[in-house]
Amino acid sequence: MKIFGHRGAAGLIAENTLESVEIALLHNVDGIEIDIHCCKTGELVVIHDETLDRTTNGKGNVKDYSLEDLKQYSTQEGYAIPTLDQVLDLIDGQCLLNIELKGKDTVIPTIKVLEKYIRNTNWEYNDFIISSFDHEQLFELKKSTSHFKIGVLTEKSVVEALPIAKKLDAFSIHPSIEILTRDQVDLAREVGFDVYVWTVNDKELIKKSKFWKVEGIITDFPNFVTEKRSI
Ligand code: G3P
Ligand code: CA
């Protein structure tokens, strides 16, 4: 079972920051999950919400700020909002990267950035899973390139995600642990999809995920999991 740090290591340090990614790497994760949005000048920035309000000392929509403007804001702890490029530079192909397309119109800029890195650095197509709840964006991705692994995020059920995953020729289905059942894991596997479940933060849920043989969990506490891989 692969272990992905959620938003880096969101349970240990400010989410979706370079520091968070660094902590996840220190715990030898198999992969890291991050959320991305496009800012006003077109660069991709790593932040969960549409607005700056919850996680930084700024206010308002990410898409209304230039990258230069965003640089003046930070998390409570003083950590900057990273760009996707900075995260790619930091990880440098050391682990898998699950990029969640959170903001609108992120598909084309994401492909451009990733292909630049694949051409010029240690990164390979296989290192990425691109996921989203916004299935329209996943269809746009599929139309643009067949090289990236696609993950279908669902808050409802594997059953809801299955027909979409089939049409997308997706790699994986990403359900919430809140709604997952063993039957659903089996169902996804029968049809040939990997299951990556979020957000798995306690020992019992980790055990259950392992018992159900999901391919991966996404956790806020990569430390807890990597220290106890024997669970
Ligand atoms: O990708 C899994 C998980 O991150 C989806 O929910 O709200 O944490 O982005 P959220
Ligand atoms: Ca996410």
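Structural data are supplied above this passage.
Residues numbered from 1 in each chain as written. Chains lettered and ligands numbered in written order. Predicted model: local features only at pLDDT ≥ 70, side-chain atom pairs only at ≥ 80, totals over all residues. Heavy atoms only, no water.

1. Structural notes on the packing of aromatic side chains
Then comes step 1: Per the stated rule, a full pass over the model turns up seven aromatic pairs.
Then comes step 2: Where Tyr65 meets Tyr73, the ring centres are 5.5 Å apart and the plane angle is 80°; that geometry is what we call edge-to-face.
Then comes step 3: With a centroid separation of 5.0 Å and 65° between ring planes, the pair formed by Tyr125 and Phe148 is classed as edge-to-face. In this pair, Tyr125 sits in the loop between helix H4 (107–120) and strand E5 (128–132) while Phe148 sits in the loop between helix H5 (135–144) and strand E6 (149–154), placing the two residues 23 residues apart along the sequence.
Then comes step 4: For Tyr125, a relative accessible area of 25% corresponds to the partly exposed category.
Then comes step 5: Taken together, the aromatic side chains of Trp123, Tyr125, Phe128 and Phe148 make up a single cluster linked through ring pairs. (Phe/Tyr/Trp six-rings, centres within 6.5 Å; stacked < 30°, edge-to-face > 60°. Helix = DSSP H or I, 4+ residues; strand = E, 2+ residues; numbered from the N terminus. Buried < 20%, exposed > 50% of the residue type's maximum accessible area, 1.4 Å probe, protein only.)

2. Considerations on helix H6 (residues 158–168)
Then comes step 1: Turning to H6, its buried residues number three or more, namely Val158, Ala161, Leu162, Ile164, Ala165 and Leu168.
Then comes step 2: Against H5, E6, strand E7 (172–175) and helix H7 (182–191) lie the buried residues of H6.
Then comes step 3: Just downstream of H6, Asp169 is the residue with a positive phi angle, here 55°. (Contact = heavy atoms within 4.5 Å.)

3. A look at the site of ligand 1
Then comes step 1: All residues adjacent to ligand 1 are His6, Arg7, Glu33, Asp35, His48, Glu100, Lys102, Phe133, Leu153 and Trp198.
Then comes step 2: Within the side chain of Lys102, one N or O atom sits 2.8 Å away from an oxygen atom of ligand 1.
Then comes step 3: If ligand 1 stood free it would expose 290 Å²; the protein chains cover 91% of that surface.
Then comes step 4: Its residues placed into classes, the shell around ligand 1 shows three nonpolar, two polar and five charged. (Near = heavy atom within 4 Å. Polar contact = N/O pair within 3.5 Å; in protein donor to acceptor, adjacent residues only side chain to side chain. Areas by Shrake-Rupley, 256 points an atom, 1.4 Å probe, with all protein chains shown as cover. Nonpolar A, V, L, I, M, F, W, Y, C, P; charged D, E, K, R; others polar.)

4. Things to note about the coordination of the calcium ion (ligand 2)
Put simply, the ideal angle at a metal is 109.5 degrees for four donors in tetrahedral geometry and 90 or 180 degrees for six donors in octahedral geometry.
Then comes step 1: Looking at the calcium ion (ligand 2), one finds its protein donor set to be Glu33 (OE), Asp35 (OD) and Glu100 (OE), positioned 2.1 to 2.2 Å from the metal centre.
Then comes step 2: The sequence pattern formed by the donor residues of the calcium ion (ligand 2) is E-x1-D-x64-E. With Glu33 in strand E2 (residues 31–38) and Glu100 in strand E4 (residues 96–101), the pair connects residues that are 67 residues apart, well separated along the chain.
Then comes step 3: On the accessibility criterion, Glu100 (5% relative accessible area) is buried. (Donors = N, O, S within 2.8 Å, 3.2 Å for Na, K, Ca; no water.)

5. Considerations on the pairing of strand E8 (residues 194–198)
Then comes step 1: With four of five residues buried, E8 is to be regarded as a mostly interior element.
Then comes step 2: Pairing of E7 with E8 involves two bridges; the strand directions are parallel. Within E8, the residue paired with Ser172 across the bridge is Asp194.
Then comes step 3: With H7 bridging E7 and the parallel E8, this β-α-β connection has right-handed handedness.
Then comes step 4: Pairing of E8 with strand E9 (residues 216–219), which is carried by three bridges, proceeds in the parallel orientation. Directly across from Tyr196, in E9, lies its bridge partner Gly216.
Then comes step 5: Taken together, E8, helix H8 (residues 203–211) and E9 form a β-α-β motif whose crossover is right-handed. (Pairing = 2+ DSSP bridges. Right-handed = clockwise from strand over helix to strand, strands pointing away.)

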